[in-house]
Amino acid sequence: MKVAQALMQQDLSHFALSINSKTASDVERALVKESLSLDDFMALISPAGASYLEAMANRAKSLTRHRFGNTMQLFVPLYLSNLCANECTYCGFTMSNKIKRKTLSISEVLTEIEAIKDLGFSQVLLVTGEHETKVGMDYFEQTLSAIRNRVSYLMMEVQPLKWEQYQTLKQLGLDAVLVYQETYSPQHYASYHTRGKKQDFLWRLEASDRIGKAGIDKIGIGALLGLGDWRVDSAMTALHGKLIQQHYWQSRVSIAFPRLRSCEGNSTGGNALTNNKLPNERDLLQLICAHRIFNPQAELSLSTRESAVFRDGVMPLGITSMSAASQTQPGGYSEPSQALNQFDIDDSRSVPEVVGAIKSRGLDPVWKDWMAF
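Conventions used here
- Throughout, a residue's number is its position along its own chain's written sequence, starting from 1.
- Predicted model: local features are reported for residues with pLDDT of at least 70 only, side-chain atom pairs are reported and counted for 80 or more only, and whole-chain, interface and lining totals are derived from all residues.
- Think of the side-chain values as coming from all heavy atoms in the structure, minus any hydrogens and water.
- Runs of H or I in DSSP of at least four residues are treated as helices and runs of E of at least two as strands, each being numbered from the N terminus.
- Only C-alpha atoms enter the radius of gyration, while the globule expectation follows 2.2 Å times N to the 0.38, with N the number of residues.
- Throughout this description, buried means an accessible area under 20% of the type-specific maximum (1.4 Å probe, protein chains only), exposed means over 50%, and partly exposed covers the range between.
- We call two residues contacting when some pair of their heavy atoms lies within 4.5 Å.
- None of His or the chain ends enter the tally, which takes Lys and Arg as positive and Asp and Glu as negative.
- To locate a charge, the coordinates of NZ of Lys, CZ of Arg, CG of Asp or CD of Glu are taken.
- Whether two strands pair comes down to DSSP finding at least two bridges between them.
- This arc is built from the directions going out from the helix axis to the C-beta atoms.
- Two N or O atoms form a polar contact when they lie within 3.5 Å of each other; inside protein one atom must be a possible hydrogen donor and the other a possible acceptor, and for residues adjacent in sequence the pair counts only when both atoms belong to side chains.
- What pLDDT conveys is the predictor's confidence in a given residue, as a value from 0 to 100.
- For this analysis, a salt bridge means a side-chain nitrogen from Lys or Arg found within 4 Å of a carboxyl oxygen belonging to Asp or Glu.

(A) Looking closely at the overall build of the chain. Helices and strands together make up the secondary structure of the chain, namely 15 helices and 11 strands. Computed over C-alpha atoms, the radius of gyration of the chain comes to 19 Å, within 12% of the 21 Å expected from 2.2 N^0.38 for 373 residues, which places it in the range of a compact globule. Structurally, the chain occupies a C-alpha span of about 60 × 45 × 40 Å along its principal axes. By the burial criterion, 61% of the 373 residues in the chain qualify as buried. A sequence separation of at least 24 residues applies to 74% of the contacts in the chain between residues at least 6 apart. Put simply, the chain has 39 plus and 39 minus side-chain charges, and the middle of one group is 2 Å from the middle of the other.

Encoded structure:
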């Protein structure tokens, strides 16, 4: 588990001290380098870096266009189940939350796929709560077998699995796996995850090693910004991405930027929404630009958690994939409802509206750019 071992060796208190001690000179040096170190990344996301946002945005935009062209990938999340066997204080699916629980049958999944295809999507992210006994490998295998030939690119965001299970799913056509560490601080992690298998910090951290060893095409990572010190978690995410590229070069890396949101049954996100750990939109823009400058090859993704105005503004500056018209409850595309949402969304625009915004910024929406034969 080479990636996880390297991450566990990091001193997060040293990260915090290093980030907060950066000066304007450190930021300026980082901005003119061709290849940045992790220390340079820390300078870009530091409080001192906030004064250089325009210069960062200009460089991030240039690097993105050079590597990815004038394109924006479009995908959609498909929530299969909101069953969960974990207690997570910030999530609407947490097991103690008294919400209606639902797991889609294979027939219902196919109905959702058709509704999604009618919207124009071909790249689909399958999402579940984490309940391995009721929503586990048998269910995943049935689902992938039923829908794989109906979509061009298939991603999953479910509980961390074993290496051989990822291998099985790859053979069934799985293209990408997203596992967000939530926070890289073991202490903060323990305080937010109080029951269930998700309490196992290391098992989750080692998931990217197992995914990479299985040869999955893309590995998605990220921290839930607001659970811990967002700058420290972001520096760890940046290092995580580089380590994956170093040890599992055959897999692409995708980085997401979810900020903590209120959710069904919990309007405060475990009280994190009320403290100063939550980055504001200017902080988030700084972070997106810093990731692009530090890692020009990484795919950067932004969900409908963020506002339409913010998403439109950052489209040209580093983001390479976006969701649109997302429904965060099982069955939400064929029978829209707000009853089972995992979290609140902010950009509720229709697909044509999002596509229009993409085109108005000189970018081409990409519905499909890869399909295995």
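(B) Fine view of the pairing of strand 1 (residues 71–81). Strand 1 sits mainly inside the fold: 10 of its 11 residues count as buried. Looking at chain direction, strand 1 and strand 11 (residues 364–366) are connected through 3 bridges and run parallel. Looking across to strand 11, one finds that Q73 is bridged to V366. Summarising the sheet, strand 1 and strand 10 (residues 321–323) pair through 3 bridges and their orientation is parallel. Among the inter-strand pairings, F75 is bridged to a residue of strand 10, identified as S323.

(C) Summary view of the pairing of strand 7 (residues 218–221). The side-chain alternation of strand 7 yields two buried faces, one formed by K218 and G220 and the other by I219 and I221. As judged from the 3 bridges shared by strand 5 (residues 176–178) and strand 7, these two strands associate in the parallel manner. Bridged to V177 within strand 7 is I219. Bridging between strand 7 and strand 8 (residues 252–256) involves 4 bridges; their strand directions are parallel. Opposite I219, over in strand 8, you have V253 as the bridge partner.

(D) Spatial organisation of helix 7 (residues 137–147). For helix 7, the full list of buried residues reads M137, Y139, F140, T143, L144 and I147. Angular distribution of buried residues about the axis of helix 7 spans 155°; they occupy a single face of the element. Summarising the contacts, the buried residues of helix 7 are in contact with strand 1, helix 6 (106–118), strand 3 (123–128), strand 4 (153–157) and helix 8 (163–171).

(E) Quick peek at the side chain of Q123. In this structure, Q123 sits in strand 3. Classification of Q123 as buried rests on a relative accessible area of 6%. Reaching out from Q123, the side chain makes a polar contact with the backbone oxygen of W367 at a distance of 3.3 Å. Q123 has contacts with Q73, L74, F75, V76, S152, Y153, M155, V366, W367, K368 and D369, leaving out every residue within four places of it along the chain.

(F) View of the confidence of the model for the chain. Taken over all residues, the pLDDT of the chain has a mean of 93, while the share at 70 or more is 93%. The low-confidence segment residues 267–272, where pLDDT is below 50, has 13 contacts with residues more than four positions distant or belonging to other chains.

(G) Molecular detail of the pattern of salt bridges. In this structure the tally under the stated criterion is 17 salt bridges. Here E299 and K218 are joined by a salt bridge, their closest N and O atoms 2.9 Å apart. One end of the pair, E299, is in strand 9 (residues 299–302); the other, K218, is in strand 7, and 81 residues separate them in sequence. Looking at E299, the relative accessible area reads 9%, which means it is buried. R349 is the salt-bridge partner of D347, the closest N and O atoms lying 2.8 Å from each other.

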